[in-house]
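# Per-entry structural report
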Amino acid sequence: MPDPSPSSPPSPSFPSSPSAGAGAAAFKPPTGYLVWQLGHALGARLERALRDLDLTLAQHNVLQHAVQRPGVTSAESARRTGVTAQSMGSAVADLTERGLLERRPHPTNRRMLGLHPTQAGALLAARAQAVVEDVNAEALAVLTPPEQATAHLLLHRLVTHLNPDALRPPS
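Residues numbered from 1 in each chain as written. Predicted model: local features only at pLDDT ≥ 70, side-chain atom pairs only at ≥ 80, totals over all residues. Heavy atoms only, no water.

## Some remarks on the pairing of strand β3 (residues 113–117)
With two bridges connecting them, strand β1 (residues 72–73) and β3 associate as antiparallel partners. When the bridges of β3 are listed, valine 72 appears paired with leucine 115. Strand direction decides the pairing type here: strand β2 (residues 101–105) and β3, joined by five bridges, are antiparallel. Of the residues in β3, the one forming a bridge with glutamate 102 is histidine 116. (Pairing = 2+ DSSP bridges. Helix = DSSP H or I, 4+ residues; strand = E, 2+ residues; numbered from the N terminus.)

## Focus: the layout of surface pockets
Gaps left between atoms show up when a probe the size of a water molecule is rolled over them. Its volume calculated, the largest pocket comes out at about 2800 Å³. Surrounding the largest pocket, 49 residues form its lining, Gly39, Leu42, Leu46, Thr81 and Val159 being those nearest its centre. At the level of elements, α1 (31–51), α2 (57–68), α3 (74–81), α5 (119–140) and α6 (145–162) are the ones that each hand at least two residues to the lining of the largest pocket. Tallying contributions element by element places α1 first for the lining of the largest pocket, with 12 residues. Residues of the lining of the largest pocket, tallied by class, amount to 25 nonpolar, 22 polar and two charged. (1 Å grid on protein atoms, 1.4 Å probe; cavity = no way out; pocket = protein on both sides within 12 Å on 5 of 7 lines; lining within 4 Å. Points joined across faces, edges and corners; volume = space filled by probe spheres on them. Nonpolar A, V, L, I, M, F, W, Y, C, P; charged D, E, K, R; others polar.)

## Observations regarding the pattern of salt bridges
Per the stated rule, a full pass over the model turns up five salt bridges. Residues arginine 104 and glutamate 102 are paired through a salt bridge, measuring 2.8 Å at the closest nitrogen-oxygen approach. Residue glutamate 102 is classed as partly exposed on the basis of its relative accessible area, which comes to 34%. One network of salt bridges, in which partners are shared, links Asp54, Asp94 and Arg98. (Salt bridge = Lys/Arg side-chain N within 4 Å of Asp/Glu carboxyl O. Buried < 20%, exposed > 50% of the residue type's maximum accessible area, 1.4 Å probe, protein only.)

## Considering the nonpolar core
Membership of the largest hydrophobic core comes to 24 residues, with the highest contact counts inside it found for Leu50, Leu55, Val62, Leu95, Leu101 and Leu115. For this core, the elements supplying multiple residues, two or more each, are α1, α2, α4 (85–97) and α5. Non-local contacts of leucine 55, meaning those with residues more than four positions away in its chain, are made with Leu50, His60, Leu95, Arg98, Leu124 and Ala128. (Core = buried A, V, L, I, M, F, W, Y, C linked by side-chain atoms within 4.5 Å. Contact = heavy atoms within 4.5 Å.)

## Focus: α4
For an α-helix the count is 3.6 residues per turn, leaving residues at separations of three or four pointing the same way. Here α4 is 13 residues long and its end C-alpha atoms lie 18 Å apart, about the 18 Å a rise of 1.5 Å per residue gives. Every buried residue of α4 is accounted for by Met88, Ala91, Val92 and Leu95. All buried residues of α4 lie within an arc of 95° about the axis, which places them on one face of the element. In this structure, α4 carries Gln86 and Glu97 as exposed residues pointing more than 90 degrees from its buried face. Where α4 is buried, its residues touch α2, α3, β2 and β3. (Expected span 1.5 Å × (residues − 1). Arc of directions from axis to C-beta.)

Pasting the structure below:
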C-alpha cells in the first residue's frame, strides 16, 4: 500500500460526522487524524495571516531560522520544518530576490551556503513572528492556561519523538 502524501489526511475509520446515525455516540476519531486536522487548520490560518506580509509559511520559517541562527543552510531549514528541499529552495530564492536573505559561503564547508537575514529581513521576521503569535493565541483561546501548557508539553513530546530535527537547538 503506498504511503499517503503529507497533504492527505490519514484515512479515518469512523463516521464522517457525529450526526451520522446510530454509531454517533461512539464517534471517536483517531488521535493522528485530529493532529492532522489541527495542523492543517492552523497552517491555513497562518498562511492567510502571513499573506498580508507577502510571506508564505515556508518563507516565514526559513526567515525565522536565519534570524535565530545566521548561517543556517536551506537544507537544514527544510529538515526542521518538514518541507521538501525544492519547496525550501523556492522560498529562499524568493526571499533572496526580495533582499530579505543573503546567501554566504559556509565557514567550514565551501560547498554549502549559509542564510543570513538582511536588516529588512530581520524587521519583517519580527513583524511576522508577532502575526504568528496572534494566530496561535487565537487558536488556543478555547483552552485554559493549564490546558494550553499540557497540550504544549504533549505535542512537544510527540514532535521530539517523530521529528527530532524540528526541535533541536541551533548548533
